[in-house]
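Secondary and tertiary structure notes
One letter stands for each residue in the lines below.
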Amino acid sequence: MVKKCKARKCPICNSETVEFIREIKMTVPEEFRLPNGYDVVSCVECGFVYADTTATKEDYDHYYENCNWYGEDVKEYEFSNYKICQKYLSENSVRRELLNIGVGNAHFELELKKAGYKNIQGLDPSLTSIKILKEYGLKGVQGSVYDEVPDDLKGKFDVVFLMCVAEHLYHPDRAILKIKEYLCENGLLIINVPDYSRVNKVITPIADQFNIEHINYFSPMSLKNLCASCGLIKIDGNNFTYYHKQFPLPFTIGVFKKCSVAEEICKDNETALAVKEYLSCQEDDLKEIQEKINLIIQKGKDVIVWGTGAFTMNLLTTTNLGKCNIKCFVDNNSSKIDKMFFDKTIKAPNVLYKNQNADAIIIVCSMLHSNNIIEQITSMGLKNEVLSFT
């Protein structure tokens, strides 16, 4: 169905005409200030697939500054990111000023430091992320990629990294234009994003790919189009499939530099088809999950939900999980402990040792770490019935 977008124009070509693909539903904590869903659409003009969300840039600024808590674990594919970037740095003989936008848990900067790079700086809206960066002895500034670039940082950096960040940006076009101001004359912008033109190869639940954070669904073509629209030309890049445990995760990386002649934008005709195929395949899995949850409700037993991320938020809306007698939420992420998740306080796993939880069913709501959590439950000596959906 072709229609006018609800609220968000195409971030690449600014068109308002889109094809509706699917509504994504979730239950979002009120303090996040984000809506309980959005439409996945593809731009009729350039083919870019993105979230037509009623949230504003200011809503996302609030979320990333106040409600986004990173765990201490490092995803396996992050180490591949380090190696790939070092390869491009080496090939282009760049060992000078580096800027990473989107610090997160600062593991990327730490790996660069270990590799011998000394002039590393990070930019992130989260004060927590900047504190982590400084604990590693590295420079960091709390701020947004949309902020005015300070005069002393204009044209300073040989390389700017945007690693697994562009898919989160409400205005990726405006962000790229700001990033250009940080680059020196022959500076490079290295961008890494999930590749949604191959999302039909992914087997993780919908919430792993379409959630409150991922609102841009890039492909190699649309990433090139975005940068071309901002006066950057692609000089290198590659497509990869990383594996987290048994789960394939397709990514694409591009290396860009400033150009005086704008490249032509080519329509992406592949990504919308891949997204439709992926979402259709996930429907059957969701039905199986619903059946399992309905059986728990019939038993009438207490439930402890292990996991407070996007998967849980999605299941609270798309299934009857919210109708279960949930006693508490548990999470391994120490940054979340004692924070409110809906009307309950998030607890550390040791709460499960209490007698009143001995007969509760533990529902593991994790998209990538279910097996690890189940092993953890076993190692804790808990005898609770355990249910996992992945």
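Given the structure is predicted, the values throughout are model-derived calculations rather than measurements.

Further remarks concern helix H9 (residues 310-318). Looking at H9, one finds that the buried residues are Phe-311, Thr-312, Met-313, Asn-314, Leu-315 and Leu-316. Its buried side turned inward, H9 meets strand S2 (17-25), helix H6 (206-209), helix H8 (271-299), strand S13 (302-306), strand S14 (325-330) and strand S15 (340-341).

Before going further, it helps to examine the packing of aromatic side chains. Taken as a whole and judged by the stated rule, the model has 16 aromatic pairs. Summarising the aromatic geometry, the rings of Tyr-196 and Phe-210 are spaced 5.5 Å apart at their centres and angled 65° between planes, so their arrangement reads as edge-to-face. Residue Tyr-196 is found in the loop between strand S9 (183-194) and H6, and its partner Phe-210 is found in the loop between H6 and strand S10 (216-217); the two are separated by 14 residues along the sequence. Assigned by exposure class, Tyr-196 and Phe-210 land together as buried. Judged by centre distance (6.0 Å) and plane angle (15°), the ring pair of Phe-240 and Tyr-242 falls under stacked.

Turning our eyes to something else, we now look at the side chain of His-168. Locating His-168 in the fold gives a position in the loop between strand S8 (157-163) and helix H5 (172-182). The class of His-168 is buried, set by a relative accessible area of 14%. A distance of 3.5 Å separates a polar side-chain atom of His-168 from the backbone oxygen of Cys-164.

The next thing to look at is helix H10 (residues 370-379). Listing the buried residues of H10 in full gives Ser-370, Ile-373 and Ile-377. What you see down the axis of H10 is that its buried residues fit within an arc of 65°, all on one side. Among the exposed residues of H10, those oriented more than 90 degrees off its buried face are Glu-375, Thr-378 and Ser-379. Trailing H10 by a residue or two, Gly-381 shows a phi angle of about 75°, which is positive.

A word on the sheet that holds S14. One open sheet accounts for six strands, arranged S15-S16-S14-S13-S17-S18; its pairing is mixed. Of all strands in the sheet, those with a lone pairing partner are S15 and strand S18 (386-388), marking the two edges. Bridge analysis of S15 against strand S16 (residues 344-347) gives two bridges, and the strand direction is antiparallel. Residue pairing for S16: Met-340 is matched across the bridge by Thr-345.

This brings us to a negative patch on the surface. On the surface, Asp-284, Asp-285, Glu-288 and Glu-291 cluster together into a patch of negative charge. Relative to the helices and strands, Glu-291 resides in helix H8.

The next thing to look at is the nonpolar core. Counting residues in each nonpolar core, the largest one holds 91 residues, and the members touching the most others are Leu-162, Leu-189, Ile-191 and Phe-210. For this core, the element with the most residues is H8, which contributes nine residues. Filtering out sequence-adjacent residues up to four positions away, Phe-210 remains in contact with Ile-24, Tyr-38, Val-40, Tyr-196, Tyr-217, Val-275, Tyr-278 and Leu-279. One finds Ala-106, Ile-120, Phe-161 and Leu-188 within the second-largest nonpolar core, a separate group that totals 26 residues.

Okay, the sheet that holds S8 next. Strand order across the open sheet formed by seven strands is S7-S6-S5-S8-S9-S12-S11, with mixed pairing between neighbours. Of all the strands in the sheet, the pair left with one neighbour each is strand S7 (139-142) and strand S11 (232-244). Sheet twist, expressed as the mean angle between neighbouring strand axes with direction ignored, is 20°. As defined by bridge partners, strand S5 (residues 98-101) adjoins S8 across three bridges and the pair is classed as parallel. Looking at the pairing, Leu-99 lines up with Val-160 of S8. Of the strands in this sheet, strand S6 (120-124) and S7 are in contact with helix H4 (residues 127-135), which crosses S7 at around 170°.

A few words on unusual backbone geometry. When glycine is set aside, most residues are seen to have a negative phi, and most peptide bonds are trans. Phi at Arg-33 takes a positive value of approximately 60°, unusual for a residue other than glycine. Of note, Arg-33 is situated in the loop between S2 and strand S3 (37-43). Phi at Ala-106 is positive, roughly 70°, even though this residue is not glycine. Within the secondary structure layout, Ala-106 lies in the loop between S5 and helix H3 (107-114). For Ala-106, a relative accessible area of 0% puts it in the buried group.

Conventions used here
- Residues numbered from 1 in each chain as written.
- Predicted model: local features only at pLDDT ≥ 70, side-chain atom pairs only at ≥ 80, totals over all residues.
- Heavy atoms only, no water.
- Buried < 20%, exposed > 50% of the residue type's maximum accessible area, 1.4 Å probe, protein only.
- Helix = DSSP H or I, 4+ residues; strand = E, 2+ residues; numbered from the N terminus.
- Contact = heavy atoms within 4.5 Å.
- Phe/Tyr/Trp six-rings, centres within 6.5 Å; stacked < 30°, edge-to-face > 60°.
- Polar contact = N/O pair within 3.5 Å; in protein donor to acceptor, adjacent residues only side chain to side chain.
- Arc of directions from axis to C-beta.
- Pairing = 2+ DSSP bridges.
- Patch = residues over 30% accessible without salt bridge, like charges linked within 9 Å, V, L, I, M, F, W, Y side chains within 5 Å.
- Areas by Shrake-Rupley, 256 points an atom, 1.4 Å probe, with all protein chains shown as cover.
- Salt bridge = Lys/Arg side-chain N within 4 Å of Asp/Glu carboxyl O.
- Lys, Arg positive; Asp, Glu negative; His and termini not counted.
- Charge placed at Lys NZ, Arg CZ, Asp CG, Glu CD.
- Core = buried A, V, L, I, M, F, W, Y, C linked by side-chain atoms within 4.5 Å.
- Axes fitted to C-alpha atoms, helices over the stretch in contact; angles between N-to-C directions.

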